[in-house]
Amino acid sequence: MCTRVLWQRDGQPVLVGRNMDWKQSLGTNLWVLPRGVDRIGIGAEDPNPLTWTARYGSLVAAAYDSATTDGINEAGLAVHVLWLAESDFGERDPALPAVSVASWAQLFLDRFASVAEALAHLAEHPFQVRPQYDAHSDTVSTVHLALDDAAGDSAIIEFLDGEPRVHHGRQYTVMTNSPPFDEQLELLRQYQGFGGDQPLPGTTAAADRFARAAYYLEHLPPTDGSTARAYAALLSVMRNAAQPFGTPDPQRPNISSTIWRTLSDLTNRVYVFESSFSPNIVWVRLDRLDFTRAARLDLSAADPASVGAGGGAGGGGGAGADGLSDLVGDVSGRFEAAEVFEAMSA
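Predicted model, so just to flag it, every value in this text is computed and none were measured.

Undergrad: How should unusual backbone geometry be read in this particular structure?
TA: Most peptide bonds are trans, and most residues other than glycine sit at a negative phi. Of the consecutive residues Ser178 and Pro179, the connecting peptide bond is found in the cis state with omega at 0°. Positionally, Pro179 belongs in the loop between strand E16 (174-175) and helix H3 (181-188). You will see that Asp65, though not glycine, has its phi angle at about 55°, which is positive. Mapping Asp65 onto the fold places it in the loop between strand E6 (58-63) and strand E7 (67-73).

Here is the structure:
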């Protein structure tokens, strides 16, 4: 579940699209998280929790107001957490500091300005990522993670057989879910345009979405310097890779509907959010945010599935009878002061 696409082309901003596919509402809200916050990456019951202080402020999409799933920091680094059923984080080694998957993305957003800087630190200071149990869906979160920055650099990080596997390079522009990333690259070679003779696949399976996203990304036309047109172009690819509403299929347990998507403009520091439950698109300009204090934008009014069902702390925030939100356009000034949320422990 989920799709991420990175688009870098000379003469236009570096853009990243991301679809969030999930089987129920995540109660997603947008959060401004400030610089200078001291964090503990896992609960106090762990013998060796990773600790750090936020160097950069960030804007994130948080699940249940307790886990960072996607976001961008003020330096132009973005992080995206996607599902990978094959993830294996291994047994706990108390000699290494640990971070929960709920805080994994936030660690990178807090501390690093570029993909290269993040990977260099990871190589010099290894740590363990611990899986997260989600009581809302009765699921253990087996995930992998993508990093991208304003220079167009990219990295995919997966844990397989207890060890991190890193794919680093500007060529790694597309990411979906199962199978693991190296197998996805191999499968891609069977299709027309990528070395094979098979026609472009059309199902919502992760490998098929990977192939379609890669194909349509390669065929996006130049935007002639129009940022708005560039946004629309990448969103057209993300919508092609989206999954429509549907009832759960026991034969395909890792397939879910797309509940929201984001677009990160890493050059201009703009974060776009589109709920599948609302016709309205909203965006936030990071240069209009105050990264000295925490703030929250309640999106539950744009998610009818969360209203009255515990989604989005603080309630519906103005959903009408049809569940539509009055949020639309630039919402940079509509955040309300809040206490920094406490991330779920592993």
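There's plenty left to go through after this.
Undergrad: I'm lost on empty space enclosed by the protein in this one. Help?
TA: Take a probe with the size of a water molecule and roll it over the atoms, and the empty space left behind shows itself. Tallied over the entire structure, the rule returns three cavities of 30 Å³ or more. Taken as a whole, the largest cavity encloses approximately 300 Å³ of empty space. Forming the boundary of the largest cavity are 20 residues, of which Ala63, Thr69, Val81, Ser141 and Val143 lie nearest the centre. Elements represented by at least two residues in the lining of the largest cavity include exactly strand E2 (15-21), E7, strand E8 (78-83), helix H1 (101-111) and strand E11 (132-134).

Undergrad: Can you help me understand the sheet that holds strand E14 (residues 154-160) in this one?
TA: Across a sheet, paired strands are connected by hydrogen bonds in the backbone, their directions being either parallel or antiparallel. What the nine strands build is an open sheet, ordered E15-E14-E13-E8-E7-E6-E3-E20-E22; its pairing is antiparallel. Of all strands in the sheet, those with a lone pairing partner are strand E15 (163-168) and strand E22 (336-337), marking the two edges. For E6 and E7, the ladder comprises six bridges, and the chain directions are antiparallel. Among the inter-strand pairings, Ala61 is bridged to a residue of E7, identified as Asp70. Contacts from H1 reach strand E3 (29-33), E6, E7, E8, strand E13 (143-148) and E14 within the one sheet, and its direction differs from that of E7 by about 15°. Relative to E14, helix H2 (residues 115-124) is tilted by about 30°, and along the sheet it contacts E13, E14 and E15.

Conventions used here
Residues numbered from 1 in each chain as written. Predicted model: local features only at pLDDT ≥ 70, side-chain atom pairs only at ≥ 80, totals over all residues. Heavy atoms only, no water. Helix = DSSP H or I, 4+ residues; strand = E, 2+ residues; numbered from the N terminus. 1 Å grid on protein atoms, 1.4 Å probe; cavity = no way out; pocket = protein on both sides within 12 Å on 5 of 7 lines; lining within 4 Å. Points joined across faces, edges and corners; volume = space filled by probe spheres on them. Pairing = 2+ DSSP bridges. Contact = heavy atoms within 4.5 Å. Axes fitted to C-alpha atoms, helices over the stretch in contact; angles between N-to-C directions.

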